[in-house]
Amino acid sequence: MFVCILKQQEKLHAAAEVILSSSMSIVSSSSSMDFRNACLNRMKVWKNLVEQCICNRLQAQEILHEWVAYSATKHGVKLTMDTLEQFEHEVAGPQILICITNYLLNIIRAEEEEEDLLEFYSTPAKGSQKRPLTTPERPHSKRTAALMASPSILLSPASFSPNATPSQKYSQRGGKGEVVATFGAVQGTRWVGRKDPGAGVQVEILEGPEDSLNSSYKYMFQRLRDVRNVLTEKIEELGEGLRTHFSIEEFSPVSLPAQDSITVLGQICCDSNGKLNAQSVLLEAGPEQGGQQVPVDLSELKEYSLFPGQVVVMEGMNTTGRKLVASKFYEAVPLPFYSSDMKMETDEEPLNVLVACGPYAPSDSLTFDPLLDLINVIVRDRPDVCLLKGQVTETFENIFTRCIESIVDGTRSVGCQLVFVPSQRDIHHHFIYPQPPFSLPHPGKEQTQRVTLVPDPCTLLIDGVTIGLTSTDILIHMGAEEISCGTGSDKFSRILKHMLTQRSYYPLYPPADDLNMDYEKLQSFGQMPLTPDILVVPSEMRYFVKDVVGCVCVNPGRLTKGQVGGTYGRLLIQRSPQSEDGKRVSPCLTAQVVKI
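No experiment lies behind these values; they were computed from the predicted model shown. Residue indices begin from 1 for each chain and proceed along its sequence in written order. Restriction of local features to residues with pLDDT of at least 70 applies here, the model being predicted, together with a cutoff of 80 or more for giving and counting side-chain atom pairs; totals for whole chains, interfaces and linings are based on all residues. Only heavy atoms go into the side-chain values, all of them from the structure, while hydrogens and water stay out.

### Looking at the overall build of the protein chain
The test is simple: Working definition: helices are DSSP H or I runs of at least four residues, strands are E runs of at least two. Numbering for both runs from the N terminus. Here the term buried applies to any residue with accessible area under 20% of the maximum for its type, exposed to any over 50%, and partly exposed to those in between, with areas from a 1.4 Å probe on protein chains only. Contact criterion: two residues are considered in contact whenever any of their non-hydrogen atoms come within 4.5 Å of each other. Only the protein chains shown count as cover for residues, with accessible areas throughout obtained via the Shrake-Rupley method and a probe of 1.4 Å.
The helix and strand tally for the protein chain stands at 15 helices and 22 strands. Looking at the protein chain as a whole, 47% of its 596 residues qualify as buried. Long-range contacts, defined here as pairs at least 24 residues apart, represent 71% of the contacts in the protein chain between residues at least 6 apart. A total of about 31,100 Å² of accessible surface is found on the protein chain, and carbon and sulfur atoms cover 54% of it.

### Details of the packing of aromatic side chains
Defined as follows: Within 6.5 Å between ring centres, the rings of Phe, Tyr and Trp (the latter by its six-membered ring) count as paired, and their orientation is classed by plane angle as stacked under 30 degrees, edge-to-face over 60, tilted in between. Sitting over a ring, as applied to charges here, requires NZ of Lys or CZ of Arg to be within 6 Å of the ring centre and within 35 degrees of the ring normal.
Within the structure shown, the criterion is met by five aromatic pairs. Measuring from ring centre to ring centre gives 5.7 Å for tyrosine 433 and tyrosine 506, while their planes differ by 55°; the resulting arrangement is tilted. With tyrosine 433 in the loop between β11 (417-421) and α12 (445-450) and tyrosine 506 in the loop between α14 (491-502) and α15 (519-525), the pair connects residues that are 73 residues apart, well separated along the chain. You'll find tyrosine 433 and tyrosine 506 in the same group, each marked buried. Sitting over the ring of tyrosine 170, arginine 173 keeps its end group 4.0 Å from the ring centre.

### Some points on the environment of valine 554
Within the secondary structure, valine 554 is located in strand β18 (residues 551-555). With 10 residues separating them in the primary sequence, valine 554 and phenylalanine 544 have C-alpha atoms 5.9 Å apart.

### A look at the side chain of histidine 477
Our working definition: Here a polar contact is recorded for every N or O atom pair within 3.5 Å, except that within protein the pair must consist of a potential hydrogen donor and a potential acceptor, and residues adjacent in sequence are included only if both atoms are side-chain atoms.
Within the element layout of this structure, histidine 477 appears in helix α13 (residues 474-479). Within the local environment of histidine 477, its side chain forms a polar contact with the side chain of tyrosine 506, the two groups lying 3.0 Å apart. Not counting residues up to four positions away in its chain, the partners in contact with histidine 477 are Thr472, Tyr506, Leu508, Ala512 and Asp514.

### Some remarks on α14
What counts here: Under the convention used throughout, the expected extent of a helix is 1.5 Å for every residue step, that is, one less than its residue count.
The end-to-end C-alpha distance of α14, which contains 12 residues, comes to 16 Å, matching closely the 16 Å that a straight helix rising 1.5 Å per residue would cover. The complete set of buried residues in α14 reads Phe492, Ser493, Arg494, Ile495, Leu496, His498, Met499, Leu500, Thr501 and Gln502. Where α14 begins, the side chain of aspartate 490 points an oxygen toward the backbone nitrogen of phenylalanine 492, at a separation of 3.2 Å. Directly after α14, the chain includes arginine 503, whose backbone phi takes a positive value near 60°.

### As for the side chain of arginine 494
Residue position: arginine 494 is located in helix α14. Residue arginine 494 is classed as buried on the basis of its relative accessible area, which comes to 11%. Dropping the residues within four chain positions of it, arginine 494 is found in contact with Ser305, Glu482, Ser484, Thr487 and Ser489.

### Brief notes about the pattern of salt bridges
Operational definition: Should a side-chain nitrogen of Lys or Arg be within 4 Å of a carboxyl oxygen of Asp or Glu, the pair is scored as a salt bridge.
Applying the stated criterion across every chain, the model contains 17 salt bridges. Between arginine 173 and aspartate 373 there is a salt bridge, and its shortest N-O distance comes to 3.2 Å. Of the two residues, arginine 173 sits in the loop between α8 (168-171) and β1 (179-184) while aspartate 373 sits in helix α10 (residues 369-381), which places them 200 residues apart along the sequence. A salt bridge links lysine 546 to aspartate 490; the nearest nitrogen and oxygen atoms lie 2.9 Å apart. Placement of the pair is lysine 546 in strand β17 (residues 544-548) and aspartate 490 in the loop between β15 (483-485) and α14, with a sequence separation of 56 residues. When salt bridges that share partners are traced, they join Arg425, Asp473, Glu540 and Arg558 into one network.

Shape is all these values report; function is a separate question.
Okay, structure coming up:
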């Protein structure tokens, strides 16, 4: 094939030489010296153009378009030998490398087609293996099959950049496989999936496909009054729950002077653009309570935990109408847990769920060694479900697609269900919250069966167990704004409790500066429909597993932290029946955070 193409190029070059030499012979016989010189110079220009077409493998029309564009940028310069040399240096030269690359790729494809054709008609040799079938969803040639056979080849440094080198700090990390956090009874636990991992496991979004965020949407169109309406509805909805739970008759206007103790409903906010503190707390009421703001004196409260955007009920004195001296503080209450009428089989095995959060490559290298190590963990432990949260890649969509294909192919022997959650750090995806799910351009049959693409945030239902997921670092965002006094609990537990009692995956208002929020979508897709059995909140903060008001909250950490290795999480879950005394039993049997 390669020889045939070279012979065709030689024939074209020879034909051009014959035509130009014949034309030169005719012109040379002319008696006019000026005419002869002008024609010879013009022919040299055309000869040079023909050589550029042949060398760069361009058609005459293509090089014409290149010259017209170049001439227009140079104020209509004429075609001479000098301008042609400059044109070749500035325009045609950089195209050579691209042409050579495309040329070699065409040769490889042609050779593969010839090999396939010869193999189709030839008799297979003795002892040769049966050739794998090819389908439109998975077209495999010999060379592409070799590349796709191993995720380590597909994700090798050379596949992304010829100059990439593995991270020395990551490869020299210590404590591989060390358990750094535990929850529940872990002694004697076998961290393996069912005999047939992924088989019969139902992974679905709790709200259903029609009520969940399942596609991209237009953003940057919200109006301030729409944001105000969303916040007002949030105050009214949570206020009604508080009024019912604490048997409160009615709420008083926040700015109305009263000599008796009053009970008011509102949203916590700050009196300036700075950080919230005990002296800058304002309570903003909804329209039904006057819609005004009043400063709050917290000096009489023995304990409190507040953050901007929190909906609370306070009891106190406001004799002047200008300041509320709070004496009692009511927190919101969480929603009930999920209950199912399905009966649990007596011999039902628990599910092994692996949770990992990116980045999946160290910051000082383009290699995906942490992702390859994670795939090896999946193959070894054979979990039933893998929850992989952003960022899968900080590079472009084609690399993201290759990463997904590599994970699917690398875990084919396990057959586990793969759930991908997007992140604000994914450069190829929508930078908005709530964030729509990823999309795969041409998913194959295996990807359709094993891969579930979900939005951020979402609530999953896996075999009767609810799991709340978000990729946004809410712990850092709320941790920078929350203030507390006398609570006796750690900061993480307080923040997680706020999420559950405010019934939102992102209750902070205003949001962090690096988060683009669509409040109408947040109202529809960012609220908790119930209190999840398990809440996964990955963060740059230290990993943990803890029980907060009956919900097992997990921060699995990140798979890499800068140049060094990080952690991932694993859980054993099982739908639990009600105990004899009617108390709820957590479906999370045990959980661990492990170093990669």
